[in-house]
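For reference, the chains in residue letters:
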Amino acid sequence: VQLVESGGGLVQPGGSLRLSCAASGFTFSRFTMRWYRQAPGKERELVAGISSAGGSTDYADSVKGRFTISRDNAKNTVYLQMNSLKPEDTAVYYCNAVRTVLYDYWGQGTQVTVSS
């Protein structure tokens, strides 16, 4: 099982980034996919989630209206489009795949830094 995040980097406030998470080793289309983030000295928090077929999404209040989660089951990939980025969005962003309590997979994370 592998989840490989990409797309992180340094961006100025107000800018945009698109994170990708490529999955392999499991049946991607059967899993709920989520993005979490963890800032220095803070607990990991849920940012966004998308159902297995992509018909349902949810977001943390702090990112609603700015971030969009999507998935392409044909490519085994989930995305996080991040617009109007703020310094407080700075964190390591993690991809998570979950299907019941038995199947819970994590990527290694990608750093997002929002700074002028």
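Cut-offs used in this document
- Residues numbered from 1 in each chain as written.
- Predicted model: local features only at pLDDT ≥ 70, side-chain atom pairs only at ≥ 80, totals over all residues.
- Heavy atoms only, no water.
- Buried < 20%, exposed > 50% of the residue type's maximum accessible area, 1.4 Å probe, protein only.
- Helix = DSSP H or I, 4+ residues; strand = E, 2+ residues; numbered from the N terminus.
- Pairing = 2+ DSSP bridges.
- Disulfide = S-S within 2.5 Å.
- Patch = residues over 30% accessible without salt bridge, like charges linked within 9 Å, V, L, I, M, F, W, Y side chains within 5 Å.
- Areas by Shrake-Rupley, 256 points an atom, 1.4 Å probe, with all protein chains shown as cover.
- Salt bridge = Lys/Arg side-chain N within 4 Å of Asp/Glu carboxyl O.
- Core = buried A, V, L, I, M, F, W, Y, C linked by side-chain atoms within 4.5 Å.
- Axes fitted to C-alpha atoms, helices over the stretch in contact; angles between N-to-C directions.

1. Brief notes about the pairing of strand E11 (residues 110–114)
Looking along a regular strand, one sees side chains alternate from face to face of the sheet.
Move 1: Only one face of E11 is covered, namely the face carrying Thr110, Val112 and Val114; the face carrying Gln111 and Thr113 is uncovered.
Move 2: Alignment of strand E2 (residues 9–11) against E11, held across three bridges, turns out to be parallel. Following the sheet pairing, glycine 9 is matched in E11 by valine 112.
Move 3: Here strand E9 (residues 91–99) pairs with E11 via three bridges, running antiparallel. Residue valine 92 lies in a different strand from E11, and its bridge partner there is glutamine 111.

2. Points about the state of the cysteines
Move 1: Scanning the entire structure with this criterion turns up one disulfide.
Move 2: Across the disulfide, cysteine 21 is cross-linked to cysteine 95 (sulfur-sulfur distance 2.1 Å). When the S-S torsion is -80°, as for the bridge of cysteine 21 with cysteine 95, the disulfide is left-handed. Here cysteine 95 lies in strand E9 and cysteine 21 lies in strand E3 (residues 17–24), a separation of 74 residues in the sequence. Here the two residues cysteine 21 and cysteine 95 agree in accessibility, since each one is buried.

3. A few points about a nonpolar patch on the surface
Move 1: A cluster of nonpolar residues, Val101, Leu102 and Tyr103, forms a patch on the protein surface that exposes about 370 Å² of accessible area.
Move 2: With respect to the secondary-structure elements, leucine 102 resides in the loop between E9 and strand E10 (103–106).
Move 3: Judged by its relative accessible area of 66%, leucine 102 is exposed.

4. What about the pattern of salt bridges?
Move 1: Counted under the stated rule, the structure contains four salt bridges.
Move 2: Notably, a salt bridge pairs arginine 37 with glutamate 45, separated by 2.6 Å at the nearest N-O pair.
Move 3: The exposure class of glutamate 45 is partly exposed, given its relative accessible area of 33%.
Move 4: Between aspartate 61 and lysine 64 there is a salt bridge whose closest N-O contact spans 3.2 Å.
Move 5: A network of salt bridges, in which partner residues are shared, links Arg37, Glu45, Arg66 and Asp89.

5. Some words on the nonpolar core
Move 1: One finds Met33, Trp35, Val78, Leu80, Met82 and Tyr93 to be the most contacted residues of the largest nonpolar core, which totals 29 residues.
Move 2: Among the secondary structure elements, those contributing two or more residues to this core are E3, strand E4 (32–38), strand E5 (45–50), strand E7 (67–72), strand E8 (77–82), E9 and E11.

6. Re the sheet that holds E7
Picture the strands of a sheet paired through backbone hydrogen bonds; they go either parallel or antiparallel.
Move 1: In spatial order, the strands read E1-E3-E8-E7; together these four strands make up an open sheet with antiparallel pairing. Of all the strands in the sheet, the pair left with one neighbour each is strand E1 (2–6) and E7. Here the average twist between neighbouring strands, direction ignored, is 15°.
Move 2: Two elements, E3 and E8, share six bridges in a ladder whose sense is antiparallel. Looking at E8, one finds that arginine 18 is bridged to glutamine 81.

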